[in-house]
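Results of the structural survey
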Amino acid sequence: MGFFGPSGSFTEEAASTIGNNLISFDSIMEVLDAVEKGKIDIGVVPIENSIEGPVGVTLDLLVHDYDLKIKREIIIPISHNLLINPDANIGDIKFVYSHIQALSQCRKFTEKMGVVVNSTSSTSAAAEMVKGKKNSAAIGTKRAGEIYGLKIAASNIQDYKNNVTRFVVIDKTDHKPTTNDKTSIVFSIMDDKPGRLYKILEVFADNNINLTKIESRPSKEKLGSYIFFVDFEGHRTDKKIWNILNNIRSNLGYIKVLGSYPTEGEDLDSFR
């Protein structure tokens, strides 16, 4: 199993909940590429944070670059730590490094410190980078601190305590139906007319299908053109869901099913 690393990242923590033989990759793209080429069986990447919202690179790669499926979701609480060298104190810190999402989630803390923040490819890469630098700190996991010989100068430094991140397991196929499934799709509207999006979403409401998420992102085709990501309850092979997807296709310029999979807490044994 591959994950967006290196070791000591929150993604490794998420991946470790469903398996042991873990291989780290330096970018989300490398994880998806390895799955597509069969170098690994499944990959784990972040897709959404409760504070900062979607992880755009994951969404964009799944839509535009890879024909892969979401097979599972993993949701874990995120607790950020300020990691410094053993011989340093908080007063010594002038620079703080971490992944852009972690920096955004700890903005109030770093602003109060009055430090210069710098983004890195991951939280664990930040921990590795600051090792031996007395004036620098990283925001990361307790495990990252242990790996790179750093101490925790402050814990739970995120701006909001209800901080959780949703990770997804990526495979060439999605999950077989269970008793509690979710489906993720992405689509674009055929033409921009008043009420067009409403009419599409109305089909779900008329069939009593609960939408659990809807968000938009630029289509990357032209300014003002958007694609829509929708999560809803049910499996794509359910007769009702199958009929809904066929129903809305005529009003869409593009649609892609990103996968049907168990909601968090369902069917863990199938990945062990």
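The text that follows walks through the structure, step by step, so that each part is easy to find. Fair warning: this is a prediction, and the values are worked out from it, not measured in the lab.

This paragraph deals with the sheet that holds strand S8 (residues 116–120). If you trace the 5 strands from one edge of the open sheet to the other, you get S8-S7-S9-S6-S10, paired in mixed fashion. The open sheet has two edge strands with one neighbour each: S8 and strand S10 (151–155). Between one strand axis and the next, the sheet turns by 30° as a mean value, whatever way the strands run. When strand S6 (residues 81–84) meets strand S9 (residues 136–140), the two strands line up antiparallel, connected through 3 bridges. Its bridge partner lying in S9, Asn81 is registered against Gly140. Sheet contacts for helix H6 (residues 123–130): S6, strand S7 (95–99), S8 and S9; angle to S9, the most-contacted strand, approximately 160°.

For the structure on display, the rule yields 2 cavities of 30 Å³ or more. Each pocket or cavity is described by its volume, and for the largest cavity that value is around 250 Å³. Lining the largest cavity are 19 residues; nearest its centre among them are Phe10, Thr11, Pro46, His99 and Gln101. Elements that contribute at least two residues to the lining of the largest cavity include exactly helix H1 (10–15), strand S3 (43–49), helix H4 (100–105) and strand S11 (164–171). Within this model, the second largest cavity holds a volume of roughly 30 Å³. Lining the second largest cavity, in full, are Ile47, Leu59, Ile70, Arg166, Ser184, Lys213, Phe229, Asp231 and Leu258. Residues of the lining of the second largest cavity, tallied by class, amount to 5 nonpolar, 1 polar and 3 charged.

Glancing now at the pattern of salt bridges. This structure, assessed with the given rule, holds 12 salt bridges. Put simply, Asp171 and Lys71 hold a salt bridge, and the shortest N to O gap is 3.0 Å. With Asp171 in strand S11 and Lys71 in strand S5 (residues 69–77), this pair connects stretches of sequence that are 100 residues apart. Among the residues examined, Asp171 registers a relative accessible area of 12% and is labelled buried.

As a further point, take unusual backbone geometry. The omega torsion across Gly5 and Pro6 is 10°, close enough to zero to call that bond cis. Structurally, Pro6 is set in the loop between strand S1 (2–4) and H1. One non-glycine residue, Asn156, lies in positive phi territory at about 50°. Here Asn156 lies in the loop between S10 and S11. You can call Asn156 partly exposed: its relative accessible area is 40%.

The subject of this paragraph is the sheet that holds strand S12 (residues 181–189). Neighbouring strands of a sheet are bound in pairs by backbone hydrogen bonds; such pairs are parallel or else antiparallel. Pairing in this open sheet of 4 strands is antiparallel, and the strands run S13-S14-S12-S15 from one edge to the other. At either end of the open sheet lies a strand with only one pairing partner, and these are strand S13 (211–218) and strand S15 (252–262). Averaged over all adjacent pairs, the angle separating strand axes in this sheet is 15°, with direction ignored. Alignment of S12 against S15, held across 9 bridges, turns out to be antiparallel. Along S15, the bridge assignment pairs Phe187 with Ile255. Running over the sheet, helix H9 (residues 239–248) touches S12, strand S14 (226–233) and S15 and is turned about 165° from S15.

Two elements in contact, helix H8 (residues 196–206) and H9, have axes whose closest approach is 10 Å; the angle formed by their N-to-C orientations is 160°. One element, H8, and the other, H9, form an angle in the roughly antiparallel class. The handedness of the crossing between H8 and H9 comes out as right-handed. For the pair formed by H8 and H9, the contact residues are Ile200, Val203 and Phe204 on the first element and Ile244, Asn247 and Ile248 on the second. Its residues placed into classes, the contact of H8 with H9 shows 5 nonpolar, 1 polar and no charged.

Let us now look at the packing of aromatic side chains. In this structure the tally under the stated criterion is 2 aromatic pairs. Summarising the aromatic geometry, the rings of Phe204 and Phe232 are spaced 4.9 Å apart at their centres and angled 50° between planes, so their arrangement reads as tilted. On the criterion of sequence distance, the pair formed by Phe204 in helix H8 and Phe232 in strand S14 is long-range, its members being 28 residues apart. Each of the two residues, Phe204 as well as Phe232, counts as buried.

What counts and what doesn't
- Counting from 1, residues in each chain are numbered in the order their sequence is written.
- For a predicted model such as this one, the threshold for reporting local features is a pLDDT of at least 70, and the threshold for listing and counting side-chain atom pairs is 80 or more; totals across whole chains, interfaces and linings nevertheless cover every residue.
- Remark: hydrogens and water are excluded; side-chain values derive from all non-hydrogen atoms of the structure.
- Strand pairing is defined by DSSP finding a minimum of two bridges between the two strands.
- Segments assigned H or I by DSSP are reported as helices when at least four residues long, segments assigned E as strands when at least two residues long, and all are numbered from the N terminus.
- Orientation is described by axes fitted as lines to C-alpha atoms, over the contacting stretch for helices, and by angles from 0 to 180 degrees between their N-to-C directions.
- Between two residues, a contact is recorded if the distance between any of their heavy atoms is within 4.5 Å.
- Grid points spaced at 1 Å over the protein atoms alone were grouped into cavities, where a 1.4 Å probe fits but cannot get out, and pockets, open sets with protein on both sides within 12 Å along at least five of seven lines, with lining residues defined by an atom within 4 Å of a point.
- Grid points are joined across faces, edges and corners, and a volume is the space filled by probe spheres set on the points.
- In the scheme used here, Gly and all other residues not listed as nonpolar or charged are polar, with Ala, Val, Leu, Ile, Met, Phe, Trp, Tyr, Cys and Pro taken as nonpolar and Asp, Glu, Lys and Arg as charged.
- The salt bridge criterion pairs a side-chain nitrogen of Lys or Arg with a carboxyl oxygen of Asp or Glu, the two atoms within 4 Å.
- Exposure classes here rest on a 1.4 Å probe applied to the protein chains alone. A residue is buried below 20% of its type maximum, exposed above 50%, and partly exposed in between.
- Under this scheme an angle from 65 to 115 degrees is roughly perpendicular, one under 35 degrees roughly parallel, and one over 145 degrees roughly antiparallel; angles in between are oblique.
- The hand of a helix crossing depends on one turn: near helix anticlockwise from the far one by less than a right angle means left-handed, and clockwise means right-handed.
- Each aromatic pair joins two rings of Phe, Tyr and Trp (for Trp, the six-membered one) with centres within 6.5 Å, and gets the label stacked for planes under 30 degrees apart, edge-to-face for over 60, and tilted for any other angle.

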